[in-house]
Every structure is written in structure tokens, then in C-alpha cells.
Amino acid sequence: MLRYLLIRFVSLSLSLLAASLVVFAVIEVIPGDPAAFMLGLNAEPETVAALREELGLTGSLPARYLSWAGGMLTGDFGQSYTYRVPVSDLVLQRIWVSLPLAIYALALSTAIAFPVGLLAAARRGRATDYGIMGATQLGIAVPNFWFAMLLVLLFAVKLKWVSAGGFPGWEAGFGAGIKALTLPAIALALPQASILARVMRSALIETLGQDYIRSARAKGLSRAQALTRHALRNALIPVLTIIGLQFSFLLAGAIIIENVFFLPGLGRLIFQAITQRDLVVVESVVMLLVFAVILVTFLVDIAYAIADPRLRRRA
């Protein structure tokens, strides 16, 4: 087990190093001068040069990369060009919107997908199965931002149960914060629940065809008992993969939803930083999200080893 985790840790650490090089290179090759952009077209060359010096844009690319990467390792993400505050302060303000939203959406997605996938597998080839597969196909096809706008029109504009957007802050109370995140979480959870339910159904159907399931049925277990006692755990490997990918997507890919609902999260921060050419914010937040994806991948690998002892023996 320890050797398996060590191998995975080294592999993911190398992935993080490669990702940092790619992110830095992609950001740096974007045309345009951030200092000239901030000061406007009529800025004096001396003023632009002074701002470039202040922002640390005059050094060589390797020196700037090492300074940036070393600062991130120590928790120093740099200074925002636009907001004139440390990037770490911006991240700490926004993460408490994006992280609860991702967890909320993932919880909704899992709570919907598991029973739906189990029901579809148990009713394979029947009307219930066909109905569930049709509904999940529709859920995958519907864009989440369009579904989000429908939710706003129904629950905010017509029924007036919730506000159309914005976030009151957790200081307004846990209930108020969860209420503000409910519609965005539902909009994010719908396509993810559809994908997860289909994967769960496929994994369970494949597992139900194994010899040990037939042996369990021959010993007197019903189809439902064999499904929940034996097939479910062995079908979790692909399901865990999808859950890990979904959490990464929900944390890093909610830019459109956060803009639809005017949520002050990391996705909206990246969008604003790109439009303002605040490269330090873009680099640092993207790397933070990459680290989150790699960390979730590592945790999923641990879950693999727990769910399937063969992985530990193979390592």
C-alpha cells in the first residue's frame, strides 16, 4: 500500500511540475504588455518602464518562473496588478464561495446518480431503464448555463423564492449562504448526475455478468441483494474516477455559472483577471486549481486502493 501511494505521489508531483511550466509559458507568450495595458494608450514610456520594474516584469523568463514557483511553494502568490492586494487574499476571499458550491453540487449529483443508476441496472431492459436513460441523455445534452437561466426565470423571477444572483456572505448565516448557492449547485449538478448515473449503470451491469455474482445468485441471493452486497463495491472503480473528475470540473470549471449568478468565486475572479490582463492572478489561480485537480486525483487513487485490494498487491 505504501509503495503504491509513493509511486502515485511521485507521478502526480511530476505532473504538477509540468503543469506549472505549461501554465507559465502559456501566460507569458500572450501578446501585450500588462503595464502598458494598465496605464492606457497615452501613458509615457518612462511610466510604463517604472511600472514594469515594480511588477517584476524586467527579469529573464527563467528567473521570473523560479521566483513565481518558489513564491507559490511558500504561500506567496504575488501582488495583483489590478486590485493592488496580495493574490492570496483574493483567493481566500473567493475560495469560500467556489469550494462550498463545488461540494454542494457534487453532493447533489451523487445523491441523485447513485439511486438512479442502481434502479436502472436493477431494471435493465424494462421501461424504467429506458426512461432513466432517456432522462440522463437529456440532462447531458442541456447546457448548464441555459438550465441555470431557466432556474432563474422560474424560481427567482416568477416564483420569487430566491434572489436572481449574488452572494450575501457566510456572515449573513449558513442558511442564507446555502440558499444563494442552491440554484447554481442544481445547475451544475444536473449534467454531472446524468453522466454519473450512466457510468454507475454500465459498471453495475458489467459486474452483474461476473461468475461470482452468478454464484451468489445460485446460493439464494436475490438480484437486489447481489447488486447491493457484491456488485456495488466492485463497480465503484469507474464511478470513483468520474466523481474525482467531476469535483475537479465543478471547482475549476464553474466560470460560466458563477457569472450567470454573479457569484464572487474563483471562476469569476479568473474571468475578471483575464479581461484586465492581470497575469499574476491568472497564473496563480490556475495553478491553484491544477493543484486541486492533482490532489483530488491522488485521493481518488487512495480510494481505488481501499476499494480494490488487487491494486495494492500489484504495486
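All figures in this text were calculated on a predicted structure; none of them were measured in a lab. Every chain is numbered independently, its residues counted from 1 as its sequence is written. Residue-level local features of this predicted model are given only where pLDDT is at least 70; pairs of side-chain atoms are given and counted only at 80 or more, and the full residue set underlies all totals for whole chains, interfaces and linings. Side-chain metrics in this entry use all non-hydrogen atoms of the structure; hydrogen atoms and water are not considered.

Caption draft 1: Summary view of the environment of Gly-220. Note on conventions: DSSP H or I runs of at least 4 residues are helices, E runs of at least 2 residues are strands, and numbering of each starts at the N terminus. By the secondary structure assignment, Gly-220 is in the loop between α9 (211–218) and α10 (223–234). Separated by 153 residues in the primary sequence, Gly-220 and Ser-67 place their C-alpha atoms 66 Å from one another.

Caption draft 2: Fine view of the pattern of salt bridges. For salt bridges, the criterion is a side-chain nitrogen of Lys or Arg within 4 Å of an Asp or Glu carboxyl oxygen. Inspection of every chain in the model, using the stated rule, returns 1 salt bridge. A salt bridge links Asp-129 to Arg-201, with the shortest nitrogen-to-oxygen separation between them at 2.8 Å. Of the two residues, Asp-129 sits in helix α6 (residues 127–141) while Arg-201 sits in helix α8 (residues 174–208), which places them 72 residues apart along the sequence. Each member of the pair, Asp-129 together with Arg-201, is buried. Only protein chains enter the accessibility calculation, which uses a 1.4 Å probe; a residue is then buried when its area is under 20% of its type maximum, exposed when over 50%, and partly exposed in between.

Caption draft 3: Main features of the domain arrangement of the chain. Annotation of the chain at the domain level lists domain 1 (1–87) and domain 2 (91–313). The start and end points of each domain follow an automatic or database-based domain assignment. Taken over C-alpha atoms, the centre of domain 1 sits 31 Å from the centre of domain 2. With 30 residues of domain 1 in contact, the opposing surface of domain 2 contributes 28 residues. Buried area: the accessible area, evaluated with a 1.4 Å probe, that two parts lose upon being put together, summed over both parts. Carbon and sulfur atoms supply 71% of the area buried between domain 1 and domain 2, which totals about 2,700 Å² over both sides. Our count for the domain 1 to domain 2 interface comes out at 0 salt bridges. Whenever two N or O atoms come within 3.5 Å, that pair is a polar contact, provided that in protein one can donate a hydrogen and the other can accept it, and provided that, for residues adjacent in sequence, both atoms are side-chain atoms. Along the contact surface separating domain 1 from domain 2 lie 3 residue pairs in polar contact (both at pLDDT 80 or more). For the side of domain 1 that touches domain 2, the elements supplying multiple residues, two or more each, are α1 (2–28), α2 (34–39) and α4 (61–73). Sorting elements by how many residues they give to the side of domain 1 that touches domain 2 places α1 first, with 13 residues. Only heavy atoms matter for contacts: two residues are in contact if any of them lie within 4.5 Å across the pair.

Caption draft 4: Geometry of the packing of helix α7 (residues 144–158) against α8. Note on method: axes are straight lines fitted to C-alpha atoms, helices fitted across the in-contact stretch only, with angles between N-to-C directions ranging 0 to 180 degrees. At a minimum axis separation of 9 Å, α7 and α8 run at an interaxial angle of 140°. As summarised for this structure, α7 and α8 are arranged oblique, according to the angle between their axes. In this structure, α7 crosses over α8, and the sense of that crossing is right-handed. Residues Asn-144, Phe-147, Ala-148, Leu-151 and Phe-155 of α7 touch α8, and the partners they reach there are Leu-183, Ile-186, Ala-187, Leu-188, Leu-190 and Pro-191. Of the residues contributing to the contact of α7 with α8, the split by class is 10 nonpolar, 1 polar and no charged. Roughly parallel here means an angle under 35 degrees, roughly antiparallel means over 145, roughly perpendicular means 65 to 115, and every remaining angle is called oblique. Note: crossing handedness is left-handed where the near helix turns anticlockwise from the far helix by less than a right angle, and right-handed where it turns clockwise. As a working rule, the residues Ala, Val, Leu, Ile, Met, Phe, Trp, Tyr, Cys and Pro are called nonpolar, Asp, Glu, Lys and Arg charged, and the rest polar, with Gly in that last group.

Caption draft 5: View of the side chain of Ser-98. Among the structural elements, Ser-98 can be located in helix α5 (residues 87–122). The residues contacting Ser-98, other than those within four sequence positions of it, are Leu-251, Glu-258, Gly-265, Leu-266 and Gly-267.

Caption draft 6: Spotlight on the packing of aromatic side chains. Whether two aromatic rings pair depends on their centres lying within 6.5 Å, for rings of Phe, Tyr and Trp, where Trp uses its six-membered ring; planes under 30 degrees apart make the pair stacked, over 60 edge-to-face, and the rest tilted. Inspection of every chain in the model, using the stated rule, returns 7 aromatic pairs. Seen from their ring centres, Phe-9 and Phe-298 are 6.2 Å apart, and the 70° between their planes marks the pair as edge-to-face. Of the two residues, Phe-9 sits in helix α1 while Phe-298 sits in helix α14 (residues 279–307), which places them 289 residues apart along the sequence. Its relative accessible area of 48% is what places Phe-9 among the partly exposed residues.

Caption draft 7: Region of the structure containing the UniProt feature "transmembrane region" (unreviewed entry) in the chain. UniProt positions are given in the numbering used here, feature names are shortened, and annotations may be inferred rather than shown by experiment. The sites that carry the UniProt feature "transmembrane region" (unreviewed entry) are, in the present numbering, residues 101–122, 134–156, 176–197, 235–257 and 285–307. As a span, residues 101–122 carries 100% helix and 0% strand, and end to end its C-alpha atoms are 32 Å apart. End-to-end, the C-alpha atoms of residues 134–156 are 28 Å apart, and along that stretch the chain is 91% helix and 0% strand.

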